[in-house]
Amino acid sequence: MAAKGYVEIDTEGCKGCNLCVIHCPTDVLELNKADTNSFGLHYAVMVAEEKCNGCMNCSLVCPDAAVTVYRAAS
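Reference entry: report on the structure contained in this document. (Residues numbered from 1 in each chain as written. Predicted model: local features only at pLDDT ≥ 70, side-chain atom pairs only at ≥ 80, totals over all residues. Heavy atoms only, no water.)

## Overview of the nonpolar core
Nonpolar side chains in soluble globular proteins tend to be buried together.
Working step 1: With 17 residues, the main nonpolar core has V7, I9, L29, C58 and V67 as its most contacted residues.
Working step 2: Of all the secondary-structure elements, those providing two or more residues to this core are β1 (5-9), α1 (19-23), β2 (29-31) and β4 (67-71).
Working step 3: Ignoring anything within four residues of it in the chain, the contact list for C58 reads V7, C20, L29, V67 and V69. (Core = buried A, V, L, I, M, F, W, Y, C linked by side-chain atoms within 4.5 Å. Buried < 20%, exposed > 50% of the residue type's maximum accessible area, 1.4 Å probe, protein only. Helix = DSSP H or I, 4+ residues; strand = E, 2+ residues; numbered from the N terminus. Contact = heavy atoms within 4.5 Å.)

## Focus: the pairing of β1
Working step 1: Side chains G5, V7 and I9 project from β1 onto a buried face, and the interleaved Y6 and E8 project onto a face without burial.
Working step 2: Looking at chain direction, β1 and β4 are connected through five bridges and run antiparallel. By the bridge assignment for β4, G5 is matched with R71. (Pairing = 2+ DSSP bridges.)

Here's what the structure looks like:
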């Protein structure tokens, strides 16, 4: 059974560099083009929660530590 994960993005800490989106192997994340944070930057959002496998690639590449990954206990 595949691991299940959940990604939480600190919208104020995210500068929209897109690295997490690029490095997500299951296309769970994308930049929110409809909204910005208080700095006027588009931030990453989770768009396909059911596809997240908790690999943590997004968290590891985030230069601002704005991404937290949770994994379901197995």
